[in-house]
Structure formats: structure tokens, C-alpha cells
Amino acid sequence: MKSEQQYIELYEANRDVICAHSAPALNALRQQAFLDFCSKGFPSQKEERYKYTDVAAAFAPDYGLNLNRLSIPVNPYEAFRCDVPNLSTSLYFVVNDQFYDGAVRNRPTLPEGVVIDSLSRVATAHPEWVEPYYGRLARSGKDAINALNTMLAQDGLFIRVARDVVVPRPVQIVNVLRADVPLMANRRVLIVLEPGAQMQLLVCDHAMDSHAFLTTQVAEVFVGENANLELYELEETHAANTRFSNVYVDQAANSTATVDHLTLSSGLTRNRTDVTLSGEYAEISMYGAVVADGSQHVDNNTLIDHRVPHCQSNELYKYVLDDHAVGAFAGRVLVREGAQKTVSHETNANLCATRSARMYSQPMLEIYADDVKCSHGSTVGQLNDAALFYMRQRGIPEDEARLLLKFAFVGEVLSNIRLDALRDRLHHLVEKRFRGELGRCAGCAPTSTCKL
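Residues numbered from 1 in each chain as written. Predicted model: local features only at pLDDT ≥ 70, side-chain atom pairs only at ≥ 80, totals over all residues. Heavy atoms only, no water.

Visitor: How do you make sense of the pattern of salt bridges when you look at a structure like this?
Guide: Opposite charge on two side chains allows them to pair when their charged atoms are near. Per the counting criterion, the structure on display carries 23 salt bridges. Arg243 is the partner of Asp205 in a salt bridge, and the nearest nitrogen-oxygen pair spans 2.8 Å. Taken together, the residues Asp205 in strand β8 (residues 198–207) and Arg243 in strand β11 (residues 241–251) connect sequence positions 38 residues apart. Asp205 sits in the buried class, given a relative accessible area of 6%. Residue Arg243 is classed as buried on the basis of its relative accessible area of 6%. For Arg272, the salt bridge is made with Asp274, and the minimal N-O distance between the two is 2.9 Å. By relative accessible area, which is 6% here, Arg272 ends up buried. (Salt bridge = Lys/Arg side-chain N within 4 Å of Asp/Glu carboxyl O. Helix = DSSP H or I, 4+ residues; strand = E, 2+ residues; numbered from the N terminus. Buried < 20%, exposed > 50% of the residue type's maximum accessible area, 1.4 Å probe, protein only.)

Visitor: I keep staring at empty space enclosed by the protein and nothing clicks. Help me out?
Guide: The gaps of empty space that remain are located by a probe, the size of a water molecule, rolled over the atoms. For the structure shown, the criterion picks out eight cavities of 30 Å³ or more. Approximately 100 Å³ is the volume attributed to the largest cavity. Taken together, 14 residues form the lining of the largest cavity, with Val189, Ile191, Val203, Gln217 and Glu233 sitting closest to its centre. For the lining of the largest cavity, the secondary structure elements donating two or more residues are β6 (171–177), β7 (183–193), β8, β9 (213–223) and β10 (228–236). Taken together, the residues that form the lining of the largest cavity break down as 10 nonpolar, two polar and two charged. (1 Å grid on protein atoms, 1.4 Å probe; cavity = no way out; pocket = protein on both sides within 12 Å on 5 of 7 lines; lining within 4 Å. Points joined across faces, edges and corners; volume = space filled by probe spheres on them. Nonpolar A, V, L, I, M, F, W, Y, C, P; charged D, E, K, R; others polar.)

Visitor: Could you clarify how one ought to interpret helix α11 (residues 420–435) in this entry?
Guide: The periodicity of an α-helix, 3.6 residues per turn, causes residues three or four places apart in sequence to face the same way. Taking 1.5 Å of rise per residue, 16 residues should cover 22 Å, and α11 covers 23 Å from first to last C-alpha, within 8% of that figure. The positive-phi residue at the C-terminal boundary of α11 is Gly436, with phi of around 75°. (Expected span 1.5 Å × (residues − 1).)

Visitor: How do you make sense of the domain arrangement of the protein chain when you look at a structure like this?
Guide: Frequently, the measure chosen for interface size is the accessible area that the parts lose on association. When cut into domains, the protein chain gives domain 1 (2–279 + 417–448) and domain 2 (385–411). Facing five residues of domain 1, the contacting portion of domain 2 comprises five residues. Of the roughly 580 Å² buried between domain 1 and domain 2 on both sides combined, carbon and sulfur atoms contribute 79%. Sorting the residues of domain 1 by area buried against domain 2 places His427, Phe434 and Arg435 first, and these three jointly supply 78% of that buried surface. Counting the contacts that link domain 1 with domain 2 gives zero salt bridges. (Domains from an automatic or database assignment. Contact = heavy atoms within 4.5 Å. Buried area = accessible area lost by both parts, 1.4 Å probe.)

Visitor: It is not clear to me how the pairing of strand β14 (residues 283–292) should be interpreted in this structure. Could you clarify?
Guide: On any regular strand, side chains alternate: one points to one face of the sheet, the next to the other face. For β14, a buried count of nine out of 10 residues is recorded, marking the element as mostly surrounded by other parts of the structure. Direction of pairing for strand β12 (residues 256–265) relative to β14: parallel, over a ladder of eight bridges. Counted as the bridge partner of His261 is Gly288 from β14. Inspection of the sheet shows β14 paired to strand β16 (residues 312–321) by 10 bridges, in the parallel sense. The residue bridging Ala289 from the neighbouring strand is Lys318, located in β16. (Pairing = 2+ DSSP bridges.)

Visitor: Got a minute to help me understand the side chain of Asn146 in this structure?
Guide: Of note, Asn146 is situated in helix α8 (residues 144–152). Among the polar contacts listed, one links the side chain of Asn146 to the backbone oxygen of Arg139, at a separation of 3.3 Å. Asn146 has contacts with Ala138, Arg139, Ser140, Arg188, Val218, Asn246 and Tyr248, leaving out every residue within four places of it along the chain. (Polar contact = N/O pair within 3.5 Å; in protein donor to acceptor, adjacent residues only side chain to side chain.)

Visitor: What is the right way to look at the environment of Tyr92 in this model?
Guide: Following the sequence through the fold, Tyr92 ends up in strand β2 (residues 90–95). Given the relative accessible area of 3%, Tyr92 is considered buried. A C-alpha to C-alpha distance of 8.6 Å links Tyr92 and Tyr77, two positions 15 residues apart in sequence. Residues contacting Tyr92, with those up to four places away along its chain left out, are Tyr77, Phe99, Pro108, Leu110, Ile116, Val171, Gln172, Ile173 and Val174.

Visitor: Teacher, can you tell me more about the nonpolar core here?
Guide: Among soluble globular proteins, nonpolar side chains are generally buried collectively. Ranked by size, the top nonpolar core spans 57 residues in total, and within it Ile116, Val161, Ile173, Met199 and Leu201 carry the most contacts. Every residue in contact with Leu201, bar those within four places of it in the chain, is listed here: Ile159, Val171, Ile173, Ile191, Glu230, Leu231 and Tyr232. Membership of the second largest hydrophobic core comes to 28 residues, among which are Cys204, Tyr287, Leu351 and Val410. (Core = buried A, V, L, I, M, F, W, Y, C linked by side-chain atoms within 4.5 Å.)

Visitor: Looking at this structure, how should I read the sheet that holds strand β5 (residues 155–161)?
Guide: For sheets, the rule is that strands pair by backbone hydrogen bonds, running either parallel or antiparallel. Strand order across the open sheet formed by nine strands is β4-β5-β7-β9-β11-β13-β15-β17-β19, with mixed pairing between neighbours. Bordering the open sheet on either side are β4 (114–118) and β19 (358–367), each of which pairs with just one other strand. The average angle at which neighbouring strand axes cross in this sheet is 5°, direction not considered. As defined by bridge partners, β5 adjoins β7 across seven bridges and the pair is classed as parallel. Note that in β7 the partner of Asp155 across the bridge is Arg187. Here α8 sits on the sheet in contact with β7, β9 and β11, set at roughly 95° to β7. (Axes fitted to C-alpha atoms, helices over the stretch in contact; angles between N-to-C directions.)

Visitor: I keep staring at the packing of aromatic side chains and nothing clicks. Help me out?
Guide: Here the distance between the centres and the angle between the planes together describe a pair of aromatic rings. Applying the stated criterion across every chain, the model contains 11 aromatic pairs. Geometrically, the ring pair formed by Trp129 and Phe158 is stacked, given 6.3 Å between the ring centres and 0° between the ring planes. With Trp129 in helix α7 (residues 127–130) and Phe158 in strand β5, this pair connects stretches of sequence that are 29 residues apart. Residue classification places Phe158 among the buried positions, given a relative accessible area of 0%. Linked through ring pairs, Tyr7, Phe37, Phe42, Phe59 and Phe244 together constitute an aromatic cluster. When the ring centre of Phe34 is taken as origin, the NZ or CZ atom of Arg15, which lies over that ring, is 5.6 Å away. Directly above the aromatic system of Tyr50 lies the positively charged group of Arg270, at a separation of 3.9 Å from the ring centroid. (Phe/Tyr/Trp six-rings, centres within 6.5 Å; stacked < 30°, edge-to-face > 60°. Lys NZ or Arg CZ within 6 Å of the ring centre and 35° of its normal.)

Visitor: Just to check I follow, could you spell out helix α3 (residues 30–40) for this structure?
Guide: Listed in full, the buried residues belonging to α3 are Arg30, Ala33, Phe34, Asp36 and Phe37. The arc enclosing the buried residues of α3, seen along the axis, measures out at 165°, which places them on a common side. On its buried face, α3 is in contact with α1 (3–20), α2 (24–27) and α8. Positive phi appears at Gly41, one or two residues downstream of α3, with a value of about 65°. (Arc of directions from axis to C-beta.)

Right, here's the structure in full:
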């Protein structure tokens, strides 16, 4: 039986249950998503954007789902602590795929005009906030993960920042995976920054249990005219975790956005990030850092679509791979006809610390305008023997010298994080990761298992 058949049968048998525990705005797109999924199925590795990840194999195991929306089995405010000093975030939790709104201590006070809540609840109470945006970027007909997520997702996260509102301190979303059996979670995210709004957002992924988890997440992000968004994503799960995340960003005129992905520990991670520069003078900065060992597989696939003139993009991804880890980066920059005065730079640099590690790198430029400044580049190499020799000659042990070189390699990505406390903390976490001391919790982690 093909991998997708179990999901087709699951939906057909539980369609009414799925819809009953969600919102009309989400249900409105389900049937078409189901038809698209039946038509497309999971992509094969012959498809350009999925050539480095076997999607059907990842979705073949049988996972449980919480379709009846049973109560969340943990109070994350009691089970978790954040060990990022001086960050002072407004803290929220999503457990599996449910926004946690139980009794909390020190519930964040947000400025008027800022809403952070359950997507399903907001879609029911204020459909006018959701319906114009939901499914507009993440169309089910163009990607199988979009179709599967739209078909099954019942809740997720909703963020709205009203016109000209500046969120005074960073917002932190902690996605917690918690179950007593192998579990699949389908999470939907909708973020809308109206014109002139500003926000810093940190999203952390953690697993409280060692069970196998399969997560699909589809995020649609709208950055209005003159708005500014900084989005930082940090994944710290474990080797039994499989994560497929599709993030779609649409930027209006004069908007600026930063999207930063950091993968420290996982099993199989596949991130798709599509950015559309829809208004003139929009700017996007995309950064990514991957530290992988064992048999980890981390695949980042990006698209930056320059649709109008006078826009700018800068993209930098770095990988450090050890043991038998596999990394993949495919980044496409598309400059459409008429998008004159585009400035774009794309770089992917990779370090394979062992001969058995594998890296696949595919930076791409596709340009249909003649007045642009665009560049792209890729490198794959090993540790510099001359630098190692130089450091050992000065009394630094070989293991320590190798660690310092790896850390310096990733440091360029970390230096672009604008939150000082987060940047300092991530320097510490990356160092512990290279030393093999990170374990399955660090920083934001279950207090019952945290070893820091």
C-alpha cells in the first residue's frame, strides 16, 4: 500500500470528527485539499524540490492522531522553564498541535491590537481576521505537504499585530511534543502584521518524550507595508522526530523581514521556505545553521521570488555535518521580468567533519531582468589542516582545535541574530552541541529532565 493511502482512508473515515473539532474557516478548504492530495500523492525524489528527501518513506509508519482533541496531558508552564537569561519574552505554548490556554502564571500583557491565540478559536470568533489569509499562500494544489496539512489540521497558532503597533518585547512560542505513543501532529500557523507593525518572534521546537513523532507545520506569514518581522526558529528535538515545515512569507512595499532557522538536534527535518517580495523596496534576510551528526537528515529548500523592482534579498546557510549525517540545501532566487534594480546575494557553505558525512548543495539564480546585482555561491569542504596545525603548535589539543574551528564556522550565522540575549545563549548551546553535552534538553526544556 502506498504511504498516502492510509491518510486517504483516515480522512474518509473521520471527516466529520475532524470538522466537528475545528472551525468553519479551516473546514472550508478541507475537501479541496483532500482532492488535491488524492490527485498528487506524496512527491517522489524525481521532483526537483524533493530530490534530497524520501517523503513517502517518512510518512509510511502508522502514527496516532488526536482527532477528538482530548485534553492536553501536561501543563507546559509548570513543566518547562526558559534558560535564556535577560530575554524577557512573552511566552506561549503549543502542545502537539493545540494552542495551550490553560491556567498560567504571569500571563503576558500585550499591547492593544496584538492577538496571540488558538487559530481555530479566532477563526470561529473573528472569521474576518482569518478567511482573507488562510490558504492564500500555502495552496494545497501546489504541494503535497500543504494538502495533507490543510486536510488534517484542526488548530494551531494565530498572531495578528494591528496597524502601527510595535510589540515591545519578543514573543516566544514553544512547540512541545508530548505523547505516550508515537504521534502525528498537524499544526497550522497564521501570522499577520498589518502596515507599520513590528514584532520579534522566537519559535522553539522540543520533544518531552522519546517516542517517535511526525509533525507537519504550514505557516503563512503576511508582512504589511512598512512592517518589520524578525522570525527565529530553533529545533531541539531527538533522533526519533520527523518534521516537515513549510513557511510562506509575503512582503508588501517597504517591509523588512528576517527569517532564521537553526537546527541543533533532530531526526529528519525538511524545511521549505518561500518568500514573495510583492511590493517595491521590500527586503528579506534569510539565515540558517545546521549542526548534525549520527544519522540525522536535514534538508532546507528555499525560494525567494522577486516580483517587483527595487527589492533586496540576502541568504546565508551553513552546515556542519559529522558521522553519517546528511545535509541538503537547495536555494532558488527568481528575478521576474520587470523586477529591475534587484539586489540579491545567496551563499551556502558546508563543512563535512567526516568522510562519511554527505552534503548536497544547489544554489540557483533565475533572472529575467537585465538591471540587477545578483550573486550566488556554494562550498563544501573539511576542516582546514593548516589551521589545525597552527592551533596545535600553540598548545591547543586537537579535539579542542576542531571544536573551535566548527564553532567559528557557524558563528557567522549566529552573529546576524539581533536579540543579544538569544544570540549569546545560542553561542553557548552550539558550543555544547559540538561538545556532545547538549542532550535532549537545553535552555527551554522540561524541568524534570533538564541537565543544565
